[in-house]
Amino acid sequence: MPSLLFVCLGNICRSPAADGIAQSLSKQRGLDWRIDSAGTGAWHVGKTPDERMMMAAAARGMDLSPLRARQAEPDDFFRFDHIFAMDETNLADLEQIRPAGAIASLSLFLEQGDVPDPYYGGTDGFEHVLDLISARMETLFNRLQQD
Ligand code: 4NP
């Protein structure tokens with residue numbers, strides 16, 4: 001049974017969205033996968049996701065309000081099977097803290113390119129991020145269910 005960790009910069013926009021989408025897909029498919037999210041930065045530790053992302057997710061039937069931001073740590077590489085970075089910078093930052101003997105696989109979440117950071121943009125950015133993450137999550141789950 002795979003365990004998945006989604007990582008972005010602040011853990012208040014993109015990775016909580018991935019967390020919520022993965023949890024709802026996991027439930028929908030009757031899987032009992034362990035799913036979590038984290039940020040490479042510590043600015044928002046302990047905070048709920050960004051209001052704009054919570055609103056956009058709620059409109060799609062997902063409640064992100066129980067989530068609290070935390071910072072990714074070296075130990076995550078022993079606690080999860082797969083760690084997915086939302087963009088190239090997140091990936092490089094995770095490589096910096098990856099311990100020797102790490103167990104988790106580390107890769108970009110999208111097969112190509114970055115999930116754009118919606119933090120400083122308009123509301124369209126949040127919808128786009130949810131669309132991108134939802135589409136990719138379906139194919140990712142299909143692949144992991146075959147493993
Ligand atoms: P996230 O978005 O990485 O998708 O959670 C951001 C949230 C906060 C900041 C940057 C990106 N920030 O600079 O505070």
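None of the values given here were measured: they were computed from a predicted structure. (Residues numbered from 1 in each chain as written. Predicted model: local features only at pLDDT ≥ 70, side-chain atom pairs only at ≥ 80, totals over all residues. Heavy atoms only, no water.)

A. Just the pattern of salt bridges, in detail. As enumerated under the stated definition, the model contains twelve salt bridges in all. Residue Arg29 pairs with Glu138 through a salt bridge whose shortest N-O separation is 3.0 Å. Here Arg29, found in the loop between helix H1 (14-28) and strand S2 (34-39), pairs with Glu138, found in helix H5 (residues 123-146); they are 109 residues apart in sequence, far enough to count as distant. The class of Glu138 is partly exposed, set by a relative accessible area of 35%. The partner of Arg52 in a salt bridge is Asp50, and the shortest N-O contact between them spans 2.8 Å. Overall, the relative accessible area of 11% leaves Asp50 in the buried class. Each of Asp36, Arg70, Glu73, Asp75, Asp76 and Arg79 takes part in one network of salt bridges that share partners. (Salt bridge = Lys/Arg side-chain N within 4 Å of Asp/Glu carboxyl O. Helix = DSSP H or I, 4+ residues; strand = E, 2+ residues; numbered from the N terminus. Buried < 20%, exposed > 50% of the residue type's maximum accessible area, 1.4 Å probe, protein only.)

B. Fine view of the sheet that holds S2. Read from one edge of the open sheet, four strands run S2-S1-S3-S4, paired in parallel fashion. Since the sheet does not close on itself, it has two edges, and those belong to S2 and strand S4 (105-108), each with one partner. Adjacent strand axes in the sheet meet at a mean angle of 20 degrees when their direction is disregarded. One ladder, built from four bridges, connects strand S3 (residues 82-85) with S4; its direction is parallel. Among the inter-strand pairings, His82 is bridged to a residue of S4, identified as Ser105. Running at roughly 175 degrees to S2, H1 makes contact with strand S1 (3-8) and S2 of the sheet. Seen against the sheet, helix H4 (residues 88-97) touches S1, S3 and S4 and runs at an angle of roughly 160 degrees to S4. (Pairing = 2+ DSSP bridges. Axes fitted to C-alpha atoms, helices over the stretch in contact; angles between N-to-C directions. Contact = heavy atoms within 4.5 Å.)

C. Examining the packing of H1 against H5 more closely. One way to put it is that H1 packs onto H5 with a least axis distance of 10 Å and a crossing angle of 45 degrees. By the angle class used here, H1 and H5 are oblique. Note that H1 runs across H5; the crossing there is right-handed. Facing H1, whose interface residues are Arg14, Ala17, Ala18, Ile21, Ala22, Leu25 and Ser26, H5 presents Val129, Leu130, Ile133, Ser134, Met137, Glu138 and Phe141. A per-class count over the contact of H1 with H5 returns ten nonpolar, two polar and two charged. (Parallel < 35°, antiparallel > 145°, perpendicular 65-115°, else oblique. Left-handed = near helix turned anticlockwise from the far one by under 90°. Nonpolar A, V, L, I, M, F, W, Y, C, P; charged D, E, K, R; others polar.)

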